[in-house]
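Remarks on the overall topology
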Amino acid sequence: MKTERGGKNILLAHGSGGRLTQELIGSVFRRTLSNSILDKMDDSAVVQLDGNLAFTIDSHVVSPLFFPGGDIGRLSLTGTVNDLAMAGAEPLYICAAFVIEEGFPLDDLERIVSSLGLAAGEAGVEVVAGDTKVVERGAADGMFITTSGIGLIPASVHISASAARPGDAVIVSGTIGDHGIAILSKRQGMDFQTEIKSDCAPLGGLVASMLDASRRVRTLRDPTRGGLAATLNEIAAASGVAIEVDESSIPYRSEVRAACELLGLDPLVLANEGKLVAFVARRDADKVLGAMREHAYGAGAVIIGEVQESEKPRVYLRTLLGSRRILSMPTGEQLPRIC
Amino acid sequence: MCLAVPAKITEMENQIATVQVGGLSRQASTVLLPDAAVGDYVLIHAGFAISLIDEEQALETIRLFDEMTGGMASGGGGA
Amino acid sequence: MPLTYLDEFRSAPHVQRLLDELNERRGAELKIMEVCGTHTMAISRYGIRQAAPRGITLISGPGCPVCVTANADIDRFIEIAMLPGVIATSFGDMLRVPGTRMGLAEARSRGADVRIVYSPLDALKMARDNPSKHVVFFGVGFETTAPTVAATLLEAHEQGINNFFVQSVHKLVPPALEALCSMPDLDIDAFLCPGHVSAIIGPQAYKPVAEEFGIPCVVAGFEPVDVLQSLIMLAAQVDEGRSEVELQYSRGVRPDGNPQAMALLHSVFEPADAEWRGLGIIPGSGLTIGDRFSSHDASVRFQVDVSYSHEPRGCICGEILTGVHTPRQCKMFRKVCTPDHPLGPCMVSSEGTCAAYYQYED
């Protein structure tokens, strides 16, 4: 972790609940994230909602905290917004809890909170409650952020990982593996001179336009940890179906493909933070695809496969040779290999 | 047993080459391939250039494929 | 359009035509061993095993250096990694390999400073940046990798970076192939030989296999059309009663290999007997660090006790590596031994025979 570069650092006292805590909340959090609910500074945020609620939580740890295309602030906001969106909900309110390591540069904290605020603005959500704790040096790796969020699901929407049906088209919203490679390329020894940006983005707007286009969007999921391979396997298991994907139709950025060749990684298990996989009834697939392509975060949307009837839940890849191989649940962490 | 990827040398200084693979650049040592020069394609393994890629041979291999496939267009072209 | 040297060799129409040609073959049943683990991965990734005609069986050989690293060598590296003041560096493949008591990942969870590097040069840089630490690199690999480690050792030596050490468990492919050929159980008609090892040692290194043991060899590239064309070349050799060394991967392999890399390798390392997991000790099949560089030799510098080492019990990786059995014939496969809890080396490496079967096949 970088510290002592002239600017002020976070002290244990910033988390003590006293004057420094108040100062920090006022100068960093409220200033950046201000809205009528947060500004009341009550122990709980009070909001009025009516309907089917989606409610979720996610902890965010990432090294490095700043990476091309984003940082832990943007990531922690979009992560939770996307989990809400994948339930078909309109994301509305977010709570954020920060665990900060003693000595963390105040400038960096400001950058991270500001980035979180910008992402909230883009996603159309309000950060209505928060918490800050400071832990001793060495007890955290810079900063961890946990966000939770709620959203409203329209009465007509029933999205679920168990809703995929034989014949459904499988759509991805764009290139796969960008976030995973963006993070890996900043770790020690990779030294790529080309910047590969994370795709980190809030997908609420994209989902809204998909749901406007069709009432037959059955399943939505963002392929984060474990990548497309994990997500497809989860959906196959939840829906009790087979999913067949045409390997050559999966979109990749050429730099991501190159990095995977070089480091011996499988792009299908790399994390994405601004992509979704949708299962849509075949007859509405083109309509949904059209709506997605109108949207900035769905411009690269393509159909990659279809759902098939099966006794065993399975994910198959149709290879270049036309043969079918199983795409199984990823195991272990992705590490550069030479062999 | 050994991953090695074709890359193009775009710059070179003191046996450290900048190599490009599919729009991605990074550095690689040419200690094991002292004759490598800017413009060459090399195989990269564990941060080292280990072998020069022979364009003539590659084209010959592609030509053989083309012959077998009755002149069907190949993915990247043979020019 | 300029050549990318990748896409041209993945072209679907070419693949289809080559498959058709392979299917037209009417010779005897063929068992072909792909010696190299990267071939195994390519074969699995592209579904070549499923697409290959009935008459051809592909068998995975001992070609993954992670797979063939003996428990004793892993145990020794872990003991060194656990010593105070040591930064243990390794290629990522090695992290999940279990030793007798634990693997490197577990050693890290118990406090060892284990770091993954992409290149041995990254480990050397770590030594330069951390002069108060001992940086130890786990030198695993075949002839492709050994010269990169030799070059790194030479640089450490010349620059006086005295806190950089290598534990060399490098292995050589031709002695292992010849040992395989001498086994009475071996039932292999032809070898698909490793392209990138051959880029260093040259295709002629397999001459004894082809000429003395009468087993056809083709040095192959790693793209689907390379593999398919090589299978056709091997089938033709068998059908015509030839056994030669042929070079399919001519764009990447020179007839004399890479003499500079070989010279560097020999200036740093000396051949030695080596233990291969599942195969036992093969004479002259390993590389140890020569006297001139012994001050960088981790096994000289760090004395550790590994008398507890033994091979995993019940594991038939030895028979799998030699092609005598397939993973499905192992009682442990899929039951006790899985990618999450690998028992033997063939499950550990993502390109190990058992992992490839587990991952990619019904």
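For the structure itself, look to the data block above.
Scope of this entry: the structure provided in the associated data block. (Residues numbered from 1 in each chain as written. Chains lettered and ligands numbered in written order. Predicted model: local features only at pLDDT ≥ 70, side-chain atom pairs only at ≥ 80, totals over all residues. Heavy atoms only, no water.)

**Re the overall build of chain A**
- Helices and strands together make up the secondary structure of chain A, namely eight helices and 13 strands.
- Along the three orthogonal principal directions, the C-alpha set of chain A runs to about 65 × 55 × 35 Å.
- The buried share among the 339 residues of chain A stands at 56%.
- For chain A, the share of sequence-separated contacts (at least 6 apart) that also reach a separation of at least 24 residues comes to 85%.
- Of note, chain A has its 33 positive side-chain charges centred 4 Å away from the centre of its 42 negative side-chain charges. (Helix = DSSP H or I, 4+ residues; strand = E, 2+ residues; numbered from the N terminus. Buried < 20%, exposed > 50% of the residue type's maximum accessible area, 1.4 Å probe, protein only. Contact = heavy atoms within 4.5 Å. Lys, Arg positive; Asp, Glu negative; His and termini not counted. Charge placed at Lys NZ, Arg CZ, Asp CG, Glu CD.)

**Considerations on the nonpolar core**
- With 147 residues, the main nonpolar core has Phe164(C), Phe191(C), Tyr206(C) and Phe269(C) as its most contacted residues.
- For this core, the element with the highest residue contribution is helix α11 (residues 224-239) of chain C, accounting for eight residues.
- Setting aside residues up to four positions removed in sequence, Phe191(C) forms contacts with Met33(C), Val35(C), Leu177(C), Cys181(C), Leu186(C), Val209(C), Ile215(C), Pro216(C), Cys217(C), Val218(C) and Leu234(C).
- Counting residues in hydrophobic clusters, the runner-up holds 33 residues, among them Ile10(A), Leu75(A), Val127(A) and Ile145(A). (Core = buried A, V, L, I, M, F, W, Y, C linked by side-chain atoms within 4.5 Å.)

**Here we look at the packing of aromatic side chains**
Residue and element names in this part refer to chain C.
- Summed over the entire model, instances satisfying the criterion amount to seven aromatic pairs over all chains.
- Ring centres of Phe-165 and Phe-302 lie 5.2 Å apart, and the angle between their planes is 80°; on these two criteria the pair is classed as edge-to-face. Of this pair, Phe-165 sits in strand β6 (residues 164-168) while Phe-302 sits in the loop between α13 (298-301) and α14 (317-321), and the two are 137 residues apart along the sequence.
- Phe-165 gets classed as buried once you look at its relative accessible area, which sits at 3%.
- Using a relative accessible area of 5% as the deciding quantity, one classes Phe-302 as buried. (Phe/Tyr/Trp six-rings, centres within 6.5 Å; stacked < 30°, edge-to-face > 60°.)

**Details of the pattern of salt bridges**
- If you walk through the whole model with that rule in mind, you get 29 salt bridges over all chains.
- Note that Arg216(A) is salt-bridged to Asp284(A), the shortest N-O span being 3.2 Å. Note that Arg216(A) is positioned in the loop between α5 (204-213) and β8 (217-221) and Asp284(A) in the loop between β10 (277-280) and α8 (285-294), a separation of 68 residues in sequence.
- Arg216(A) gets classed as partly exposed once you look at its relative accessible area, which sits at 30%.
- Within the structure, one salt-bridge network assembled from shared partners comprises Glu240(C), Arg242(C), Glu244(C) and Glu246(C). (Salt bridge = Lys/Arg side-chain N within 4 Å of Asp/Glu carboxyl O.)

**Re the sheet that holds strand β12 (residues 314-318) of chain A**
Residues and elements named next belong to chain A.
- Reading across the sheet, the seven strands line up as β8-β10-β7-β11-β9-β12-β13 and stay open at both edges, with mixed pairing between neighbours. At either end of the open sheet lies a strand with only one pairing partner, and these are β8 and β13 (324-326). Each neighbouring strand pair of the sheet contributes to a mean axis angle of 25°, computed without reference to strand direction.
- Helix-sheet contacts for helix α6 (residues 227-239) involve β7 (169-172), β8, β9 (242-246), β10, β11 (302-308) and β12, and the interaxial angle to β10 is about 35°. (Pairing = 2+ DSSP bridges. Axes fitted to C-alpha atoms, helices over the stretch in contact; angles between N-to-C directions.)

**Considerations on the packing of helix α6 (residues 120-129) of chain C against helix α7 (residues 146-158) of chain C**
Residue and element names in this part refer to chain C.
- As a packed pair, α6 and α7 sit with axes 9 Å apart at the nearest point and diverge in direction by 20°. Here α7 runs roughly parallel to α6, going by the angle between their axes. You can see that α6 and α7 cross each other, and the crossing is right-handed. Between α6 and α7, the contacting residues are Pro-120, Leu-121, Leu-124 and Arg-128 on the first element and Thr-148, Val-149, Thr-152, Glu-155 and Ala-156 on the second.
- For the contact of α6 with α7, the residue count by class is five nonpolar, two polar and two charged. (Parallel < 35°, antiparallel > 145°, perpendicular 65-115°, else oblique. Left-handed = near helix turned anticlockwise from the far one by under 90°. Nonpolar A, V, L, I, M, F, W, Y, C, P; charged D, E, K, R; others polar.)

**Observations concerning the pairing of strand β4 (residues 90-101) of chain A**
All names here are of chain A.
- In this sheet, strand β6 (residues 143-153) lies alongside β4 in antiparallel orientation, the contact comprising ten bridges. Each bridged residue has a counterpart across the sheet, and for Pro-91 the counterpart in β6 is Gly-151.
- With nine bridges joining them, β4 and strand β5 (residues 126-135) adopt parallel strand pairing. Among the inter-strand pairings, Ile-94 is bridged to a residue of β5, identified as Val-127.
- Crossover β4 to β5 through helix α3 (residues 106-123) is right-handed. (Right-handed = clockwise from strand over helix to strand, strands pointing away.)

**Let's talk about the interface of chain C and chain B**
- Taken together, the contact between chain C and chain B spans 53 residues of the former and 41 residues of the latter.
- Between chain C and chain B lies a buried interface of about 3,800 Å² when both sides are counted; carbon and sulfur atoms form 67% of it.
- When residues of chain C are sorted by the area they lose upon contact with chain B, Tyr5(C), His14(C) and Tyr118(C) head the list and together hold 17% of the total.
- Here chain C is connected to chain B by zero salt bridges.
- At the boundary of chain C and chain B, one finds ten residue pairs in polar contact (both at pLDDT 80 or more).
- Sorting the residues of the side of chain C that touches chain B by element identifies α1 (12-24), β1 (30-36), α2 (37-45), α6, α7, α9 (195-201), α11 and α12 (259-268) of chain C as the ones contributing at least two each. (Buried area = accessible area lost by both parts, 1.4 Å probe. Polar contact = N/O pair within 3.5 Å; in protein donor to acceptor, adjacent residues only side chain to side chain.)

**Observations concerning the interface of chain B and chain A**
- The interface of chain B with chain A comprises 15 residues on the first partner and 18 residues on the second.
- Here chain B and chain A share an interface that buries about 1,300 Å² over both sides, 62% of which is from carbon and sulfur atoms.
- Inspection of the region where chain B meets chain A yields zero salt bridges.
- Across the chain B-chain A interface, the total number found is four residue pairs in polar contact (both at pLDDT 80 or more).
- A per-element tally of the side of chain B that touches chain A places strand β3 (residues 24-29) of chain B first, with four residues.
- For the side of chain B that touches chain A, the per-class residue count stands at eight nonpolar, six polar and one charged.

**Structural notes on the sheet that holds β6(C)**
Residue and element names in this part refer to chain C.
- Strand order in the open sheet formed by four strands is β4-β3-β5-β6, with parallel pairing between adjacent strands. Each of the sheet's edge strands pairs with one partner strand only, and the pair in question is β4 (113-116) and β6. The sheet shows a mean angle of 25° between the axes of neighbouring strands, taken without regard to direction.
- Note: strand β3 (residues 86-90) against β4, four bridges, orientation parallel. Its bridge partner being in β4, Ala-88 is matched across the sheet by Val-114.
- Across the sheet, helix α4 (residues 71-81) lies against β3, β4, β5 (134-139) and β6, angled at about 165° from β5, the strand it touches most.

This is a description of form; function is not addressed.
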